[in-house]
Amino acid sequence: MQNINTILIKYKNYLKKNNISSAALDTELLLSSVINKSREYLIINSKEEIEDIKIRKFQNLIERRKNREPIAYILKKKDFWKSTFYVDKNVLIPRPDTEILIQEALKNTPKNRKISILDIGTGSGCILLSLLKERKKFKGTGIDISKNALKVANFNAKIHQLKNRVKFIKSSVDNFFKDKYDLIISNPPYINKIDFKYLERDVYKFEPAEALKGGNDGLSIIKKVVERSSKLLKMNGKLILEIGYDQKFRVEHMLKFKKFYINKIAKDYGNNNRCIICTKI
């Protein structure tokens, strides 16, 4: 047996030596998970002894993190917007910058009207489900090409008690023709072939490539999203689209060609262009 403080110091240093930049936080999160207590509990009860069976379980998790497996996949959860979502290797890990889409969707939709939303490339369902939790009259459809991603999205809908207001459908964007929508929202794959090679190991080794790769120029899926959205949106409907930091002008050109009015370009927390809000005219 070892006490909490000894364990935290030892394995924080171990992760540091293996170039894990968030070593202290990761060590605390993993130990908290194993003993089923909060991080605050670790600090207050630093002298508490942990039994060997739990230490061995913790060591296994530490090894996974040492090998660059993301914390979210190890813990099977990720906080996004105001909720915690189940995630696994079949879905992209939600990023804080993607919360910009939620902010803009809430600003650009009436609060008490019935709104139909389509989420293209829904993954874990975190974007669509976050919106439905904010707006009780909204209903949503999420599409994805991955059957396993849709299992995750359906599970998240169940644990957040939203099954009655959402449906998830296996479909590519270019083969989806069902219904008309007031709002289409999407965080499509938009990383180009060259940039993909230089992603952090945590990302390219573990996260699903199909949720990241946007073809040679990073725009192949975005083009399809814009094309189908021009058909699936109601007149004056909104399209809210996440883009790469250097894609603004090329995506604007696509949208204007398809008769969209550009309302706003929203920046992310790093002050990069990240989200385009536009209207079908």
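Provided above is the structure to which this section pertains.
Residues numbered from 1 in each chain as written. Predicted model: local features only at pLDDT ≥ 70, side-chain atom pairs only at ≥ 80, totals over all residues. Heavy atoms only, no water.

## Details of the pairing of strand β5 (residues 116–120)
Remember that side chains alternate between the two faces of the sheet whenever the strand is regular. Among the five residues of β5, five are classified as buried, and the element is accordingly described as predominantly covered. Here β5 shows a buried face lined by Ser116, Leu118 and Ile120 and a second buried face lined by Ile117 and Asp119. The pairing of β5 with strand β6 (residues 139–144) spans five bridges and is classified as parallel. Bridge pairing in β6 places Ser116 opposite Lys139. Note on the crossover from β5 through helix α7 (residues 126–134) to β6: the handedness is right-handed. Across four bridges, the pairing between β5 and strand β8 (residues 181–186) is parallel. Counterpart to Ile117 in the pairing with β8 is Leu183. (Buried < 20%, exposed > 50% of the residue type's maximum accessible area, 1.4 Å probe, protein only. Helix = DSSP H or I, 4+ residues; strand = E, 2+ residues; numbered from the N terminus. Pairing = 2+ DSSP bridges. Right-handed = clockwise from strand over helix to strand, strands pointing away.)

## Description of the pattern of salt bridges
Applying the stated criterion to the full structure yields 17 salt bridges. Taking the shortest distance from any N to any O, the salt bridge between Lys66 and Glu63 comes out at 3.5 Å. Here Lys66 pairs with Glu63, and both are found in helix α4 (residues 52–66), just three residues apart, close to one helical turn. The exposure class assigned to Lys66 is partly exposed, which follows from its relative accessible area of 22%. A residue is classified by how much of its surface remains accessible, and Glu63, at 31% relative accessible area, is partly exposed. (Salt bridge = Lys/Arg side-chain N within 4 Å of Asp/Glu carboxyl O.)

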